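Working through the structure, step by step
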Amino acid sequence: MRITTMIDGAFARITPHGPIDHEALPELRAAVAVLPYEVTSVVWDLSDVPFMDVAGLHLLFGRPPEDIPEPPTAAVTGLGPQPLRLLQLAAQTYPPLESAVTSTCVPDNDSVGAGQERPGPAKERHLASVEQSEGDEKTRRIGREPVGSAGVMTGSSHVTFHEASGHVMLVCLSGSLGADSCDDLARGLQQHLGQAARRGQRLVLDVSGIQLLSSAARRTLALSTDHLAHLPVLIVGARPHLRQVLERGNLHGIRLHDHLVDAVTALDTAPQRKARAPKAKPKDRADASEPAEALLLEMFGLRAKARTHALIGMAEGMLMTRYDLQRPAEAFALLREASQHRNVPMRVLASAVITAPAPQADTEFWFPGRATRPSAPTVGFLHAHNAKAADRRKALTAALYEIVTVSFADAVALHLTDPGQDDALILEQQHALDATLRDHAAHVVGPPAPCARAQEQGQAVTVPDIAEDPALSAHPAGQALLDAGLQSAHSIPLLNPDGLCNGTMTLHWSKPGFWLNRIQARELDVLASDIAAWRSWYRRTVLLDALEYLHQHHTAGKPSESIGARPVRTRR
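Residues numbered from 1 in each chain as written. Predicted model: local features only at pLDDT ≥ 70, side-chain atom pairs only at ≥ 80, totals over all residues. Heavy atoms only, no water.

With respect to the helices, strands and loops of the structure, serine 375 is situated in the loop between α12 (346-355) and α13 (380-384). Sequence-wise, serine 375 and tryptophan 537 are 162 residues apart; in three dimensions their C-alpha atoms are separated by 8.2 Å. (Helix = DSSP H or I, 4+ residues; strand = E, 2+ residues; numbered from the N terminus.)

Before going further, it helps to spend a moment on empty space enclosed by the protein. Within the structure shown, the criterion is met by two cavities of 30 Å³ or more. Here the largest cavity defines a volume of roughly 130 Å³. Lining the largest cavity are 17 residues, and of these Val348, Arg392, Thr417, Arg535 and Arg539 lie nearest its centre. Mapped onto the lining of the largest cavity, the elements with two or more residues apiece are α12, β11 (411-418), β12 (424-431) and α19 (518-540). A total of five residues in the lining of the largest cavity trace back to one element, the largest contributor, which is α12. (1 Å grid on protein atoms, 1.4 Å probe; cavity = no way out; pocket = protein on both sides within 12 Å on 5 of 7 lines; lining within 4 Å. Points joined across faces, edges and corners; volume = space filled by probe spheres on them.)

Below, the discussion takes up the sheet that holds β12. With respect to topology, six strands assemble into an open sheet ordered β13-β12-β11-β16-β15-β14, the strand pairing being antiparallel. Whereas interior strands pair on both sides, the edge strands pair on one side only; in this sheet they are β13 (443-444) and β14 (461-463). (Pairing = 2+ DSSP bridges.)

Between side chains of opposite charge, a pair can form as their charged atoms come close. Evaluated as defined, the whole model comprises 11 salt bridges. When the shortest N-O distance is used, the salt bridge between arginine 327 and glutamate 330 registers 3.6 Å. Residue aspartate 418 is joined to arginine 347 by a salt bridge in which the shortest nitrogen-to-oxygen separation is 3.9 Å. With a gap of 71 residues between them, aspartate 418 in strand β11 and arginine 347 in helix α12 connect regions that are remote in the sequence. In this pair, the class of aspartate 418 matches that of arginine 347, namely buried. Linked through salt bridges whose partners overlap, the residues forming this network are Arg347, Arg392, Asp418 and Glu428. (Salt bridge = Lys/Arg side-chain N within 4 Å of Asp/Glu carboxyl O. Buried < 20%, exposed > 50% of the residue type's maximum accessible area, 1.4 Å probe, protein only.)

Looking now at the environment of serine 529. Mapping serine 529 onto the fold places it in helix α19. Under the relative-accessibility criterion, serine 529 is labelled partly exposed at 41%. Sequence separation between serine 529 and valine 379 is 150 residues, and the spatial gap between their C-alpha atoms is 9.2 Å.

Burial of strand β9 (residues 233-236) is two-sided: the residues Val233 and Ile235 facing one way and the residues Leu234 and Val236 facing the other way are all buried. By the bridge criterion, three bridges tie strand β8 (residues 203-213) to β9 in an arrangement that is parallel. Looking at the pairing, aspartate 206 lines up with valine 236 of β9. Crossover connection from β8 via helix α7 (residues 215-225) to parallel β9: handedness right-handed. Strand direction decides the pairing type here: β9 and strand β10 (residues 254-257), joined by four bridges, are parallel. Looking across to β10, one finds that valine 236 is bridged to histidine 257. Once the chain exits β9 it traverses helix α8 (residues 240-248) before rejoining the sheet at β10, and the crossover so formed is right-handed. (Right-handed = clockwise from strand over helix to strand, strands pointing away.)

What follows is about the nonpolar core. Counting 64 residues, the largest nonpolar core has Leu319, Leu335, Phe381, Met505, Trp534, Leu547 and Leu550 as its most contacted members. With residues near it in sequence (within four places) discarded, tryptophan 534 still touches Pro377, Phe381, Leu382, Ala389, Arg392, Ala395 and Leu396. Of all hydrophobic cores here, the second largest spans 29 residues; its members include Ala12, Val42, Val54 and Ala55. (Core = buried A, V, L, I, M, F, W, Y, C linked by side-chain atoms within 4.5 Å. Contact = heavy atoms within 4.5 Å.)

A full pass over the atoms with the stated rule returns zero disulfides. A disulfide-free cysteine, cysteine 451 has its sulfur positioned 9.6 Å from the sulfur of cysteine 501, the nearest such atom. (Disulfide = S-S within 2.5 Å.)

Take the packing of aromatic side chains next. The relation between two aromatic rings is expressed through the spacing of the ring centres and the mutual angle of the planes. As enumerated under the stated definition, the model contains three aromatic pairs in all. Between the aromatic rings of tryptophan 366 and phenylalanine 367, the centroid separation amounts to 5.5 Å while the plane-to-plane angle is 5°, which identifies the pairing as stacked. Accessibility expressed as a relative area gives 4% for tryptophan 366, which makes it buried. Residue phenylalanine 367 is classed as buried on the basis of its relative accessible area, which comes to 18%. Ring centres 5.4 Å apart and planes at 35° place the aromatic pair tryptophan 534 and tyrosine 538 in the tilted group. With tryptophan 534 and tyrosine 538 both in helix α19 and four residues apart, this pair spans about one turn of that helix. Each member of the pair, tryptophan 534 as well as tyrosine 538, is classed as buried. (Phe/Tyr/Trp six-rings, centres within 6.5 Å; stacked < 30°, edge-to-face > 60°.)

What follows is about the side chain of threonine 504. As for its position among the elements, threonine 504 is in strand β16 (residues 501-509). Not counting residues within four places of it along the chain, the set of residues in contact with threonine 504 comprises Ala413, Leu414, His415, Leu425, Cys451, Ala454, Gln455, Ser491, Ile492, Pro493 and Leu494.

Given below as structure tokens:
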């Protein structure tokens, strides 16, 4: 990634050029680490960032690694549609981030932090410009005073936190958890959860001093802890009426115990296991330095081509028989002409040729009953990313961007079914999957893969810990996930109104557990329905248009002569 840094006294403006993901995160943090000590205010100019995943949230709001100093006060400007939506969803999904997002984002015409004067034209001519290119690993550590952290939560609300540390982090709550205390409760939980994680402790909430728990406070507890099903927050000392309220809430990240000794005993008897260390990933480039890695990547590429060529070969044979074509090159040219004219991938068109009912002999139209063309569905992911429904590649890219934006997942796979291959799941789009994972996900038929389970069951499937799933952990696909450092998965089927599965979206995280809260789960369910609706519309319109074009331009020999057929080798 190319990064431009402009410095003027205590003010710095950092402009990344390209998408912000986990690969770019170390370079961006290094750009902050080498700032002079005098810099106290940083503006991230994201005007040249078309896409940002959860790594952007780690950059702006997360705690840096121990070997990187605390960053100065930061603000953000130049947000495009997708990064802006990511920050808005983060604020909506995690209430503690709302104030941070609001204070961090500044208008595009205001490129400096609070209390900072904008450099004038004369000053801007003297700004230092530093270009940090890909591969630059020089990082100079600058000592800075750490940013002050929030203390024990106090304020106008009726709940107070008192902390006691030891084998666990015990936090005692007292007062009333009404609707007006939800913001303070969320901030306090986020603070203490973060501290407990950094210290390797488990958070225990002693609620014996709580008199009242409102439904709003219960929702706040759910939003703050639902992602901790693998390491739940322990609650002790709940009074009978309070315990009933908590039990009715179906809180995935909460476990109730009568006394502190019960909670500690449960922790001591819980089975412990060591996390599987991810193997070194092969370089994801054709010019891999190791010959074995280059050979592996070449094998993956050949395998993908073989699957596609087999499908196209079947379609060529059907077209030769149907239209009395003399050579496979003529059938291939006909497919290619229809593919280019209607902007439909060859593989998708070939699958349609194989599975669509054959046209009637000597008829002008393949589908004579198509009087009207249904209008494109009004779905949010196309509008959010300015994609046209008829452009398959851009529509699927928009769907992927929306999945990443909503889920905050570390890796994502988007599959669609292929009727020409017995409804096998074909990888159409992916985010942050390495070459080995892409090869395993390219063509999925049947369990134990989470996407195949979701397709088979017609409902979402969660694998909170891949290493503890006997079938998946023993399968090469599960081993590849663990080797890549991905330890949990959640797959959602794309169901059309008739309940038929059109594909799946699969989310992966680098830690065990279920990492979606209720807002995200609801948004992803809507998105899955929208993608399925778009896919059904595409097959009933754009794909049938391509078949119709192919049928009306099937005169033997003409496609190959007008476009240029593949050369045919003849044996002597």
